[in-house]
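Chain by chain, the residues run as shown.
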Amino acid sequence: MKVESGDFVMPGDFLSVSEEFLPGPGAYEDDGSVKSGVPGNVFVDNGEKEISVISKSGGPNLLKVGDIVYGEVKDVRGQRALISVYAKKGTDRQLALPYMAAIHISQVTPGYIDKLTDAFRIGDLIEAKVVKIMGDNLDLNTEDITSGVVKAMCTRCRAFMEPRTESEVYCPVCNRKEKRKVSKNYDY
Ligand SMILES: [Zn+2]
């Protein structure tokens, strides 16, 4: 099966194996395949070896550097937190790609932090700025006062925590205090 320019595709539809084509706007790479991220018409660029999908509804909702996004912390490992990005701030439109992101420990606060678990824990919801884009992989930064954790759950009892300071949250159920990089937009 091979798609051609003009073919109509839906999100998740197979476009090519990734050895043959790179994902352009509206497309993404998934485990050796190039797939469509949006409903729209295929554009095959044989010169650049790139397949794009052009959406009819105003173009794919792709992120750009400087955008503010919301995501969930999936893992905190050594120097990097891994984030599943689920929305762009200021729009209800679904993102064109299933973006995954990383925050390096040097990008968390303007100051120094000892360890990344002093800023983020698995399951936290965060607000962050996009600083680099490589296809559907992003680097995020949370140094701004409005960036950081906007919702945290207590690691002991899973209750939602309340902000105390810009670096501490508090559990109203079990009285536990934990460290976080707290956003000014913390939601409680
Ligand atoms: Zn608790």
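Since we're looking at a predicted model, the values are computed, not measured.

## Observations regarding the UniProt feature "binding site: Zn(2+)" (unreviewed entry) in the chain
- Cross-referencing UniProt, the feature "binding site: Zn(2+)" (unreviewed entry) maps to Cys 154, Cys 157, Cys 171 and Cys 174 in the present numbering. Spanning 21 residues, the named residues nonetheless gather at one spot, since no C-alpha pair among them exceeds 8.6 Å.
- For Cys 171, the location among the structural elements is in the loop between β15 (168–170) and β16 (177–179).
- Setting aside residues up to four positions removed in sequence, Cys 171 forms contacts with Cys 154, Cys 157, Ala 159, Met 161 and Arg 176.

## A look at the pattern of salt bridges
- Tallied over the entire structure, the rule returns twelve salt bridges.
- Glu 127 serves as the salt-bridge partner of Lys 89, at 3.0 Å between the closest nitrogen and oxygen. Of the two residues, Lys 89 sits in the loop between β9 (80–88) and β10 (100–104) while Glu 127 sits in strand β11 (residues 125–134), which places them 38 residues apart along the sequence.
- Close ionic contact of Lys 115 with Asp 118 constitutes a salt bridge, the shortest N to O distance being 3.3 Å.
- In this structure Lys 115 comes out as partly exposed when scored by relative accessible area, which is 44%.
- Connected through salt bridges with shared partners, the residues Asp 124, Arg 176, Glu 178 and Arg 180 form a single ionic network.

## With respect to the sheet that holds strand β14 (residues 162–165)
- On the basis of which strands lie adjacent, the open sheet formed by three strands has the order β14-β15-β16 and antiparallel pairing. Because the sheet does not close on itself, it has two edges, and the strands there are β14 and β16. Across the sheet, the axes of successive neighbouring strands diverge by a mean angle of 35 degrees, strand direction being ignored.
- Judged from the three bridges that link them, β14 and β15 form a sheet pairing that is antiparallel. Within β15, the residue paired with Pro 163 across the bridge is Val 169.

## Let's talk about the coordination of the zinc ion
- Around the zinc ion, the protein contributes the donor atoms Cys 154 (SG), Cys 157 (SG), Cys 171 (SG) and Cys 174 (SG), at 2.3 Å from the metal centre.
- Considered as a linear motif, the donors of the zinc ion on their single chain read C-x2-C-x13-C-x2-C. Taken together, the positions of Cys 157 in the loop between β13 (148–151) and β14 and Cys 174 in the loop between β15 and β16 put the pair 17 residues apart, joining distant regions of the chain.

## Some thoughts on the side chain of Glu 127
- Relative accessible area serves as the criterion here: at 2%, Glu 127 is assigned to the buried category.
- At a separation of 3.0 Å, a polar atom in the side chain of Glu 127 contacts the side chain of Lys 89.
- Only 3.1 Å separates the side chain of Glu 127 from the side chain of Asn 185, close enough to count as a polar contact.

## Points about the domain arrangement of the chain
- Taken domain by domain, the chain comprises domain 1 (8–54) and domain 2 (68–179).
- In this structure, domain 1 and domain 2 have C-alpha centres spaced 30 Å apart.
- The interface of domain 1 with domain 2 comprises six residues on the first partner and four residues on the second.
- Looking at the side of domain 1 facing domain 2, the largest losses of area belong to Tyr 28, Gly 37 and Val 38, adding up to 70% of the total buried there.
- Counting across the domain 1 and domain 2 interface gives zero salt bridges.

Definitions and limits used
Residues numbered from 1 in each chain as written. Predicted model: local features only at pLDDT ≥ 70, side-chain atom pairs only at ≥ 80, totals over all residues. Heavy atoms only, no water. UniProt positions renumbered as here; feature names shortened; annotations may be inferred. Helix = DSSP H or I, 4+ residues; strand = E, 2+ residues; numbered from the N terminus. Contact = heavy atoms within 4.5 Å. Salt bridge = Lys/Arg side-chain N within 4 Å of Asp/Glu carboxyl O. Buried < 20%, exposed > 50% of the residue type's maximum accessible area, 1.4 Å probe, protein only. Pairing = 2+ DSSP bridges. Axes fitted to C-alpha atoms, helices over the stretch in contact; angles between N-to-C directions. Donors = N, O, S within 2.8 Å, 3.2 Å for Na, K, Ca; no water. Polar contact = N/O pair within 3.5 Å; in protein donor to acceptor, adjacent residues only side chain to side chain. Domains from an automatic or database assignment. Buried area = accessible area lost by both parts, 1.4 Å probe.

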